[in-house]
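Letter by letter, the chains look like this.
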Amino acid sequence: MNLQVQTRSQIHATPHPPFRGRPFLCSAQRRPCRRLAAAANGGAKFGLRVCGSSSSRGEELSKVEEQTKRRAYPFHEIEPRWQRYWEENHTFRTPDDDIDTSKPKFYVLDMFPYPSGAGLHVGHPLGYTATDILARLKRMQGFNVLHPMGWDAFGLPAEQYAIETGTHPKLTTLRNIDRFRSQLKSLGFSYDWDREISTTEPEYYKWTQWIFLQLLKRGLAYQAEVPVNWCPALGTVLANEEVVDGVSERGGHPVIRKPMRQWILRITAYADRLLDDLDDLDWPESIKEMQRNWIGRSEGAEVDFFVLDTDGQNRDMKITVYTTRPDTIFGATYLVLAPEHCLLSSIVSESQSKDVEEYKELASRKSDLERTELQKEKTGVFSGGYARNPANGEAIPIWIADYVLGSYGTGAIMAVPAHDIRDHEFAGKFDIPIRWVVVPDGGGSGNSERPFSGEGICVNSSSPRSGLDINGFPSKEAACKVIEWVEKTGNGNKKVNYKLRDWLFARQRYWGEPIPVLFLKDTGEGVPLPESELPLTLPELDDFTPTGTGEPPLSKAVSWVDTRDALSGKPALRETNTMPQWAGSCWYYLRFMDPKNSEALVDKMKEMYWSPVDVYVGGAEHAVLHLLYSRFWHKVLYDIGVVSTKEPFKCVINQGIILGEVQYMAWRDSDGSFVSADFVDVSREHHQERISEENVMKSGDSFVLKDNPDIRLIARAHKMSKSRGNVVNPDDVVSEYGADSLRLYEMFMGPLRDSKAWNTGGIEGVHRFLGRVWRLIVGSPLPDGTFIYGTMATDDKPSREQLCCLHKCISKVTEEIEGTRFNTGISAMMEFINAAYKWDKLPRAAIEPFVLLLSPYSPHMAEELWFRLGHSNSLAYESFPKADPAYLKESTVVLPVQINGKTRGTIQIEEGCTEDDAFKLASMDEKVSKYLDGRTVRKRIYVSGKILNVILEPQNVKAAIQ
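Residues numbered from 1 in each chain as written. Predicted model: local features only at pLDDT ≥ 70, side-chain atom pairs only at ≥ 80, totals over all residues. Heavy atoms only, no water.

**Q** Provide a residue-level description of the overall build of the protein chain, including the pertinent values.
**A** Secondary structure assignment for the protein chain yields 29 helices and 41 strands. Here the protein chain holds 962 residues, and the buried ones make up 52% of them. Taking the contacts inside the protein chain whose residues are at least 6 apart along the sequence as the reference set, 70% of them involve residues at least 24 apart. Counting only carbon and sulfur atoms, one obtains 49% of the accessible surface of the protein chain, whose full area is about 43600 Å². (Helix = DSSP H or I, 4+ residues; strand = E, 2+ residues; numbered from the N terminus. Buried < 20%, exposed > 50% of the residue type's maximum accessible area, 1.4 Å probe, protein only. Contact = heavy atoms within 4.5 Å. Areas by Shrake-Rupley, 256 points an atom, 1.4 Å probe, with all protein chains shown as cover.)

Here it is as structure tokens:
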């Protein structure tokens, strides 16, 4: 039996009994116990050497002992032991067919990580730790918890690395996954590894291909020739977000716009549902607003402007524009066409054709995101043609500019520079007339220096020629009148439009899901692969480099490409494009519910139990596209009866970014002298120099040189990157401080959703706190750096003060975890430990609940302490402590004390304090007692817990004077 310590001054160390299937708790330096453990458990199972000695082993042990003395607690022994135990016992396995569905469920999911070759840095575990804390809490609260992990492993980075190194992407991917898995396990995350999946496994992408076939059946997948971002060097089409400043985000290769026949998914068919269903989601409002803006639903009108010939007469050609502000039609002083507009070649004059072609070439190198960026300098070229404004009959110039996209609206706009920022900047640059047609409601006149983009009252907006007059009308009413007029005169119609474009769904790469479509050789007709032939697996290729011709690398697999249609028997060719990386990550949350099912994407009963995902945590960079694409696929699956919910994710949380450590920069002038940041002139020869932290001190809100406080420094934290050399490897942190310290520190840094800078001093502080917890419960280390067996907990009954301290901590920690305010939960535990160090004894009834509170944050230490406290089972499924309201109330109250009806002071009393005890306390109070000395009390008026009024006998006047 494990003997428990009875007082803080006595230590009784007795080893735990030998047992099988549990980690044996002993110190690496207590070799007799190591031999006992080896004998009891089979030695080699725990990697123990049980005999033999040498001088080299003695030196090695002395180094280990010295390192042990420097550690706040023996995490280097504890953490591997419990990680091994969890893995061997499948502690966090979620029941599958044998699950008790009468219990509540909690599905908490991390956004699918891409397993890069660089492995994790300390920013990655931030979200993973948060979800793990929630998962551990919910298990202990009696929920069935689904907390899985897998890999979004297809995609361009793996293939590009493979091309550069000559290694097959499959080998690279498997190696990277092994590294990621090992790192995640070293941090003690409670994933159900039995459900691990990878998008590159044929058993998985069989169902990605199946979903594509369902989209194809419903007309939601089609082929069309569209302008795309083509990167010749990478040999593939890139998404807009993969192009920066006209070059590929990966590798910096030039990107051009060119038309290509591509697979496209008709996401626009779901635009209204994707927009309307946002209202019911428990997502950050900022994310929902980003999705609303991306979908970009707007109501307005399509208006026709006839193109004019050289004599100013209408040609048999018209440009249709889409506008959300029909009320400003009289202010349209020019038209703008996208460089890819279909009518451009018919409009451009001979004198302008060369300039237009050059401009089209420049525009083709930019992505849509770059072209529409508000801050960019406006560029454009005159077409040489004119069109007629139907509202007033004026001939207005037609310009070409890349801030108009051929894929949005009609690819043409009526430019109203007085009432649109971009149009105003463009008109100012190219000296185009600006006409004010709307003024603010309540008065005001047009100011050509600044556009007015709001709604107001229409002015300068009538024409006898057209019969349209909206002068004096408010903008909304005027817009309705213009729409009525264009429909009546045949110049246009009312229109609802979306910024959302259909989803380009093909990549000219090898490392992706094959698209299950054949093309008959005789007709070119596309034929879907029968579902019974899925999965269509990737062929093994030795040469998977880009062809350089636009043909995908899969075209090199000639024997794979050449096939026959199973139904008609006709010769056919396989589709050689592959799916984009987004495909596999659109639906993985469903596969986690039923990862081994070979007959269906997901079992209906399992899906109905686990859907939707309760909490989904990931970076804000996925706020639009990944979430939007997942919602689109989910709604399609809902329509065909595969899923039971309209939305996949109930609550989405975006964790902040962990930046590198703060860097302090000073400026020097050309003479090498320091210059304060307040006086730096970047146009002069001033250059920056990094200053080490020991030479910096805080001065007010600024940082200054310690040796010269007049020199203010620039303090800045940057995103972690190899190029800046500020990446912190979690493996190094775990080696020096332990996984529990890393987990606790990342939660203690600040609110989960905020960005914050890494600080090594901060993790040292958290490590010391865990050391204090360890020493409080286990005791101080022995001279050799090892610790006793057992704990210092006693069987004494805790006092009310101790229970109040405990239950306040329970209440705060539970409330803060459930509210994802993890940092303030840690503060509550720190307050408890500070208070516990003042206790004479450590009652088990107060310490054991605290260990359970600690376990979601620092599970390795908590498991070790729980076992040392005498429990034979893991605490993973122990009941999480519940706060008792009786101990949450303040046990003392502040009582006002009056003398003859006038308040003379206050005293602190226990609840239920009697009148006599209250009077005794008042008599001892320094402020009150001076009014009572030598006086006779006539009576006392006492309202329990509210007030004490002491009425004194009147004082003899003469006696008082004497």
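Further notes follow.
**Q** An account of the sheet that holds strand β1 (residues 105–110) is needed here, citing residue identities and associated values.
**A** Reading across the sheet, the 4 strands line up as β2-β1-β26-β27 and stay open at both edges, with parallel pairing between neighbours. The sheet terminates laterally at β2 (144–146) and β27 (652–654), the two strands that pair on one side only. Strand-to-strand, the axes of this sheet are offset by a mean angle of 20°, without reference to chain direction. Bridge count for β1 against β2 is 3 bridges, and the pairing is parallel. Of the residues in β2, the one forming a bridge with Y107 is L146. (Pairing = 2+ DSSP bridges. Axes fitted to C-alpha atoms, helices over the stretch in contact; angles between N-to-C directions.)

**Q** Give a description of the side chain of D110 that names residues and reports values.
**A** On the secondary structure map, D110 appears in strand β1. No salt bridge is formed by the buried D110; the nearest opposite charge belongs to R743, separated by 10 Å. Of note is the side chain of D110, whose polar atom sits 2.9 Å from the side chain of T131. Separated by 2.8 Å, the side chains of D110 and Y191 make a polar contact. For D110, the contacting residues outside a window of four places in its chain are G127, Y128, T131, H147, M149, Y191, Y588, Y616 and V617. (Lys, Arg positive; Asp, Glu negative; His and termini not counted. Salt bridge = Lys/Arg side-chain N within 4 Å of Asp/Glu carboxyl O. Polar contact = N/O pair within 3.5 Å; in protein donor to acceptor, adjacent residues only side chain to side chain.)

**Q** Residue-level account of the packing of aromatic side chains, with values.
**A** Going through the model one piece at a time under the given rule, you end up with 43 aromatic pairs. Centroid distance W151 to W193: 6.4 Å. Interplanar angle 25°. Geometry classified as stacked. With W151 in strand β3 (residues 150–151) and W193 in the loop between α6 (169–186) and β4 (197–198), the pair connects residues that are 42 residues apart, well separated along the chain. Here the two residues W151 and W193 agree in accessibility, since each one is buried. Each member of the aromatic cluster is reached from another via a ring pair, and the members are F212, W263, W503, F505, W582, Y629 and W633. (Phe/Tyr/Trp six-rings, centres within 6.5 Å; stacked < 30°, edge-to-face > 60°.)

**Q** Quick rundown of the pattern of salt bridges? Include the residues and the values.
**A** This structure, assessed with the given rule, holds 47 salt bridges. Put simply, E285 and R292 hold a salt bridge, and the shortest N to O gap is 2.9 Å. K556 serves as the salt-bridge partner of D543, at 2.9 Å between the closest nitrogen and oxygen. With D543 in the loop between β23 (526–528) and α15 (558–561) and K556 in the loop between β23 and α15, this pair connects stretches of sequence that are 13 residues apart. Relative accessible area serves as the criterion here: at 37%, D543 is assigned to the partly exposed category.

**Q** Describe the pairing of strand β29 (residues 663–668), listing the residues and the values that go with them.
**A** Most of β29 is tucked away: 6 of the 6 residues are buried. The two faces of β29 match: Q663, M665 and W667 on one face and Y664, A666 and R668 on the other face are all buried. Here β29 runs beside strand β34 (residues 712–716); their pairing, made up of 3 bridges, is antiparallel. Across the sheet, residue Y664 finds its bridge partner in β34, namely A715. Pairing of β29 with strand β31 (residues 687–691) involves 5 bridges; the strand directions are antiparallel. Residue R668 lies in a different strand from β31, and its bridge partner there is H687. One ladder, built from 2 bridges, connects β29 with strand β30 (residues 674–675); its direction is antiparallel. Opposite R668, over in β30, you have F674 as the bridge partner. Connecting β29 to the next strand, β30, in antiparallel fashion are 5 residues, including G672 with a positive phi near 90°.

**Q** Mind laying out the sheet that holds β23, listing which residues take part and the relevant values?
**A** Strand order in this open sheet of 4 strands is β23-β22-β25-β24, and the pairing throughout is antiparallel. Because the sheet does not close on itself, it has two edges, and the strands there are β23 and β24 (562–564). Going across the sheet, the axis of each strand differs from the next one's by a mean of 45°, ignoring polarity. Across 3 bridges, the pairing between strand β22 (residues 517–520) and β23 is antiparallel. Counterpart to F519 in the pairing with β23 is G526.

**Q** I'd like a rundown of the nonpolar core, residues and numbers included.
**A** One finds W758, M829 and Y857 to be the most contacted residues of the largest nonpolar core, which totals 95 residues. Looking at which element gives the most residues to this core, the answer is helix α22 (residues 760–778), with 9 residues. Counting 86 residues, the second-largest nonpolar core is a separate cluster that includes L146, W560, A623 and F649. (Core = buried A, V, L, I, M, F, W, Y, C linked by side-chain atoms within 4.5 Å.)

**Q** Any details on the side chain of R388? Residues and values, ideally.
**A** Tracing the backbone through its elements, the reader meets R388 in strand β13 (residues 381–388). Buried R388, no salt bridge; nearest opposite-charge side chain is D309, N-O distance 7.2 Å. A polar side-chain atom of R388 sits 3.1 Å from a polar atom in the side chain of N314. With residues up to four places along the chain from it excluded, the contact list for R388 reads F305, F306, L308, G312, Q313, N314, G393, E394 and R465.

**Q** Any chance you could break down the packing of helix α25 (residues 844–854) against helix α26 (residues 859–868) for me, citing the residues and the numbers?
**A** Packing of α25 against α26 leaves a shortest axis separation of 8 Å and a crossing angle of 155°. One finds that α25 runs roughly antiparallel with respect to α26. Crossing of α25 against α26: the hand is left-handed. Of α26, the residues touching α25 (which contributes E848, V851, L852 and L854) are M861, A862, L865 and W866. Partitioning the contact of α25 with α26 into residue classes produces 7 nonpolar, no polar and 1 charged. (Parallel < 35°, antiparallel > 145°, perpendicular 65-115°, else oblique. Left-handed = near helix turned anticlockwise from the far one by under 90°. Nonpolar A, V, L, I, M, F, W, Y, C, P; charged D, E, K, R; others polar.)

**Q** So what's going on with the pairing of strand β5 (residues 221–231)? Residues and values would help.
**A** Sheet topology places β5 next to strand β9 (residues 256–265); 10 bridges connect them, and they run antiparallel. When the sheet's bridge partners are listed, Q223 is paired in β9 with W263. Hairpin connection between β5 and strand β6 (residues 236–238): a loop of 4 residues separates the two successive antiparallel strands, and G235 in this loop has a positive phi of roughly 70°.

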